[in-house]
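Structural characterization, general
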Amino acid sequence: GPVGPQGIQGPQGVAGTPGLTGATGAPSTSAYINYYNTLPQTLNLTDQMTFLTLTSVGGSSGFSYQNSIATASVAGTYLVSYEVQASSNRDETVYIGVLQSGNIIHRLKVNSTGTQQLWVGSTIVSVNVNDTFQLYAACGSGENTTFTTNDYGGGGTLNIVRLSD
């Protein structure tokens, strides 16, 4: 004969025993540097990179620093930001940027008009142990351009902060 209708669902069973708590993850290592120069700098720019002098550290963990070069000791994903406040002796296209282990990772192309201007840039990058960072400037025409940073924190600032593993 034909199959009959489905019966009524029975009551829910008793909850099982909770599982074991998983292992604690490894602690995250913080790493950062605030590398800057508050003194004015006069750079004679050409189309070649000229490195800004950084002399002071506002805080640092996981970085060594010497001769305006910051060196990472912890790998991970980082936010790299920088700022320069400066003027030039004539209207000129100026490039300001950051090198990571000798490669340009970010740069600004700006028109320096002879008046004091603030330029700010940032990027997120993957960093390996012993990667180095430098702040640079160059001019677009290849002609000699005098580029003067101001004396209120505008001598150049490079901030690098680890975001994750």
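Our structure's up above, just so we're on the same page.
Structural notes, computed from the coordinates. What you see is a predicted model; the values in this text were computed from it and never measured. (Residues numbered from 1 in each chain as written. Predicted model: local features only at pLDDT ≥ 70, side-chain atom pairs only at ≥ 80, totals over all residues. Heavy atoms only, no water.)

A short note on the pattern of salt bridges
- Across all of its chains, the model carries one salt bridge by this definition.
- D165 serves as the salt-bridge partner of R162, at 2.6 Å between the closest nitrogen and oxygen.
- The buried category is assigned to R162, whose relative accessible area is 13%.
- A relative accessible area of 68% places D165 in the exposed class. (Salt bridge = Lys/Arg side-chain N within 4 Å of Asp/Glu carboxyl O. Buried < 20%, exposed > 50% of the residue type's maximum accessible area, 1.4 Å probe, protein only.)

Structural notes on the packing of aromatic side chains
- The final tally for this structure, using the stated rule, is three aromatic pairs.
- Look at F63 and Y78: their rings are 5.8 Å apart centre to centre, the planes differ by 85 degrees, and that puts the pair in the edge-to-face class. One end of the pair, F63, is in strand 5 (residues 63-66); the other, Y78, is in strand 7 (residues 76-88), with 15 residues separating them in the sequence.
- F63 gets classed as buried once you look at its relative accessible area, which sits at 9%.
- Linked through ring pairs, F63, Y78 and F133 together constitute an aromatic cluster. (Phe/Tyr/Trp six-rings, centres within 6.5 Å; stacked < 30°, edge-to-face > 60°. Helix = DSSP H or I, 4+ residues; strand = E, 2+ residues; numbered from the N terminus.)

Some details on the nonpolar core
- By size, the foremost hydrophobic cluster in this structure holds 31 residues, and its most contacted members are F63, I96, F133, F147, L158 and I160.
- With five residues, the top contributor of residues to this core is strand 7.
- Once you skip the residues sitting within four places of it in the chain, L158 turns out to touch I33, N34, Y35, L54, V80, S81, Y82, V98 and F133. (Core = buried A, V, L, I, M, F, W, Y, C linked by side-chain atoms within 4.5 Å. Contact = heavy atoms within 4.5 Å.)

Looking at unusual backbone geometry
- Its identity as a non-glycine residue notwithstanding, N67 has a phi of 55 degrees, on the positive side.
- Position of N67 relative to the elements: it lies in the loop between strand 5 and strand 6 (69-72).
- Overall, the relative accessible area of 64% leaves N67 in the exposed class.
- Within the chain, S68 stands out as a residue other than glycine whose phi angle is a positive 70 degrees.
- Along the chain, the position of S68 falls in the loop between strand 5 and strand 6.
- Classification of S68 by relative accessible area gives buried; the value is 10%.

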